[in-house]
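The primary structure of each chain is shown beneath.
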Amino acid sequence: NAGVTQTPKFRILKIGQSMTLQCTQDMNHNYMYWYRQDPGMGLKLIYYSVGAGITDKGEVPNGYNVSRSTTEDFPLRLELAAPSQTSVYFCASSPFAGVGDEQYFGPGTRLTVT
Amino acid sequence: GESVGLHLPTLSVQEGDNSIINCAYSNSASDYFIWYKQESGKGPQFIIDIRSNMDKRQGQRVTVLLNKTVKHLSLQIAATQPGDSAVYFCAEKNSGGSNYKLTFGKGTLLTVNP
């Protein structure tokens, strides 16, 4: 299994541009998550999904959108990119969300908005 | 604010020594705790977890201790190796609440000197 894969690895955006960060998992996990990690900080949850067709906001959803049309894919959309969205973005998945269900993380996408 | 934090942001040890990384949490309802390791340029990787009905759990070269009385969590790494150099995060979950959500601390940078 490849686990959780993310593309692209790096991206530079100009202010006001938009882009989609791709995330795919091949473990047939129900739950998927998007986090952002600012320098020297822990991860903050942006959006999550409990299954295909179901998404919900996390702690810091403003400026982002998600969709979950399949179990495998969970893309994160940035509209009108702002410098405050410069961060490293991690996608994760877990089979369920109970005690003992660890989250598996992708390698991350480093985004710079200038 | 964050309910999970770390006492020491950096820790430097000699190869072969034991390392102890500490974490405080404030949510007494949290019942599941995880330690993640994040190497430079990579996503967080699960190390070990512990449920709130336990006070100690051992893995390969790692031990997690949980003191619910003072809301304290620690990760002990035995015979620390250069490959252990990374940022270590603790995370907590309240499975009775929004059980999708992991709350991460800011992380401790562990540097192992040869």
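Residues numbered from 1 in each chain as written. Chains lettered and ligands numbered in written order. Predicted model: local features only at pLDDT ≥ 70, side-chain atom pairs only at ≥ 80, totals over all residues. Heavy atoms only, no water.

A few points about the overall build of chain B
Tallying secondary structure elements over chain B gives 0 helices and 11 strands in all. Helices and strands appear in chain B in the N-to-C order β-β-β-β-β-β-β-β-β-β-β. Across the 114 residues in chain B, those meeting the buried criterion constitute 43%. The contacts of chain B with a sequence gap of at least 6 include a subset with a gap of at least 24, amounting to 54%. In the form shown here, chain B has an accessible surface area of approximately 5400 Å², with 45% of it arising from carbon and sulfur atoms. (Helix = DSSP H or I, 4+ residues; strand = E, 2+ residues; numbered from the N terminus. Buried < 20%, exposed > 50% of the residue type's maximum accessible area, 1.4 Å probe, protein only. Contact = heavy atoms within 4.5 Å. Areas by Shrake-Rupley, 256 points an atom, 1.4 Å probe, with all protein chains shown as cover.)

What about the pairing of strand 9 (residues 87-94) of chain A?
Residue and element names in this part refer to chain A. With respect to burial, strand 9 is a largely interior element, 8 of its 8 residues being buried. Burial along strand 9 is two-sided: the face carrying Ser-87, Tyr-89, Cys-91 and Ser-93 and the face carrying Val-88, Phe-90, Ala-92 and Ser-94 are both buried. With 7 bridges connecting them, strand 4 (residues 31-37) and strand 9 associate as antiparallel partners. Bridging from a neighbouring strand, Tyr-33 pairs with Ala-92 of strand 9. (Pairing = 2+ DSSP bridges.)

Re the side chain of A:Gln103
One can find A:Gln103 in the loop between strand 9 and strand 10 (104-105). The class of A:Gln103 is buried, set by a relative accessible area of 2%.

Re the layout of surface pockets
Think of a ball as big as a water molecule: rolled over the atoms, this probe shows where empty space is left. Of the voids in this model, the largest pocket is the one considered here, and its volume is about 610 Å³. Lining the largest pocket are 30 residues, with A:Gln37, A:Val88, A:Arg110, B:Gln38 and B:Gly41 sitting closest to its centre. If you list the elements that add at least two residues to the lining of the largest pocket, you get strand 9 and strand 11 (109-113) of chain A together with strand 9 (86-93) and strand 11 (108-113) of chain B. When residues of the lining of the largest pocket are assigned to their parent elements, the largest contribution, 4 residues, is made by strand 11 of chain A. Residue composition of the lining of the largest pocket, by class: 12 nonpolar, 12 polar and 6 charged. (1 Å grid on protein atoms, 1.4 Å probe; cavity = no way out; pocket = protein on both sides within 12 Å on 5 of 7 lines; lining within 4 Å. Points joined across faces, edges and corners; volume = space filled by probe spheres on them. Nonpolar A, V, L, I, M, F, W, Y, C, P; charged D, E, K, R; others polar.)

Focus on the environment of A:Ala81
Residue and element names in this part refer to chain A. By secondary structure assignment, the location of Ala-81 is in the loop between strand 8 (76-78) and strand 9. We classify Ala-81 as buried; its relative accessible area is 2%. Excluding residues within four positions of it along the chain, Ala-81 makes contact with Leu-13, Lys-14, Ile-15, Gly-16, Gln-17 and Val-113.

Structural notes on the environment of A:Thr71
Turning to its location among the elements, A:Thr71 is positioned in the loop between strand 7 (64-66) and strand 8. Contact partners of A:Thr71, with chain neighbours within four places excluded, come to A:Gln25, A:Asn28, A:His29, A:Met32 and A:Ala52.

Concerning the packing of aromatic side chains
Evaluation of the coordinates by the stated rule reveals 10 aromatic pairs over all chains. Relative to B:Phe104, the ring of A:Tyr35 lies with its centre 5.6 Å away and its plane at 85°, an arrangement referred to as edge-to-face. Of this pair, A:Tyr35 sits in strand 4 while B:Phe104 sits in strand 10 (residues 103-104), on two different chains. The class for A:Tyr35 is buried, based on a relative accessible area of 0%. Arranged with centres 6.2 Å apart and planes meeting at 80°, the rings of A:Phe105 and B:Phe104 form a pair that is edge-to-face. Remark: B:Phe104 occurs in strand 10 and A:Phe105 occurs in strand 10; the pair is interchain, linking two chains. Note on accessibility: A:Phe105 and B:Phe104 belong to one class, buried. The rings of A:Tyr31, A:Tyr33, A:Tyr35, A:Phe105, B:Tyr36, B:Phe46 and B:Phe104 are connected pair by pair, giving a single aromatic cluster. (Phe/Tyr/Trp six-rings, centres within 6.5 Å; stacked < 30°, edge-to-face > 60°.)

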